[in-house]
Amino acid sequence: VDSSERAALDDRLERSAELSRPTALAAINDESPPRDKRLDAVLAATSTSLRLSLGGTVLLDTGAPTPAHPRLKRGLQTFTSRGQRYRAYVTTLHDKGLGGLARLEIVTSLASLEHRQAALDRRLLALGLVALVAAAAGAWLAADLVLLPLRRLRTVASSVAEDEDLDRRVPPGGPTELRSLAAA
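This write-up is about the structure you can find in this document.

Criteria and thresholds
Residues numbered from 1 in each chain as written. Predicted model: local features only at pLDDT ≥ 70, side-chain atom pairs only at ≥ 80, totals over all residues. Heavy atoms only, no water. Salt bridge = Lys/Arg side-chain N within 4 Å of Asp/Glu carboxyl O. Helix = DSSP H or I, 4+ residues; strand = E, 2+ residues; numbered from the N terminus. Buried < 20%, exposed > 50% of the residue type's maximum accessible area, 1.4 Å probe, protein only. Pairing = 2+ DSSP bridges. Axes fitted to C-alpha atoms, helices over the stretch in contact; angles between N-to-C directions.

## Overview of the pattern of salt bridges
Stage number 1. Taken as a whole, this structure holds nine salt bridges when the rule is applied.
Stage number 2. One salt bridge connects E114 with R85, and the closest N-O pair in it is separated by 2.5 Å. Highlighted residues: E114 in helix α3 (residues 111–163) and R85 in strand β4 (residues 84–92), separated in sequence by 29 residues.
Stage number 3. For R85, a relative accessible area of 33% corresponds to the partly exposed category.
Stage number 4. Between R151 and D144 there is a salt bridge whose closest N-O contact spans 2.9 Å.
Stage number 5. When its relative accessible area of 29% is taken as the criterion, D144 is described as partly exposed.
Stage number 6. Residues joined in a network through salt bridges with shared partners are R6, R85 and E114.

## Describing the sheet that holds strand β3 (residues 75–81)
Stage number 1. Across the sheet, five strands lie side by side as β2-β1-β5-β4-β3; this open sheet has antiparallel pairing. Pairing within the sheet leaves two strands with one partner each, and these edge strands are β2 (57–63) and β3. Here the strands of the sheet are splayed against their neighbours by 20° on average, with no regard to which way each runs.
Stage number 2. Alignment of β4 against strand β5 (residues 102–109), held across seven bridges, turns out to be antiparallel. Its bridge partner being in β5, A88 is matched across the sheet by V107.

## A look at the pairing of β2
Strand residues, when the strand is regular, have side chains that alternate between the two faces of the sheet.
Stage number 1. Here six bridges tie strand β1 (residues 48–54) to β2, and the two strands are oriented antiparallel to one another. Across the sheet, R51 pairs through a bridge with D61, a residue of β2.
Stage number 2. In this structure, the hairpin formed by β1 and β2 is closed by a connection of two residues, where G55 is found at a positive phi of approximately 70°.

All quantities given are derived from atomic positions and should not be read as evidence of function.
What follows is the structure, given as structure tokens:
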């Protein structure tokens, strides 16, 4: 589950970068970033931040507040900021004249994903404990049922020993081995 959710998160980050590419290029060319309501809605709904920088200058910083972080490498990576883990996708914008200086960073918190994973782990642990208790109860009941004829035999044998009544017979029942032992 964890790997599939992380793969979906990585896919979402990459798609957000693709969706924001036209806005980022417009921000670089026009020097005033236009508002892309569709992009803003996606970023707001997913608690994701987008940062566009040219050289070292930030041209666009939108969405959730961008956490403080060291310079990120291109591609997907996970980092920690102030005790919270984040996943980032960094790409360069390929446009004539930019020379790979334009960087697009999409960053989202892993908190909700990790909370869901922890909740799933807790549920699986609880289910495992319930299964263990049920198995133990089942084993105890099975052992009790299997040993019931042997207990009856022991009770009658100790009664015979106390009373010295050798004419007393053990009632028939139970597995073949116990019936043959009782008959002897």
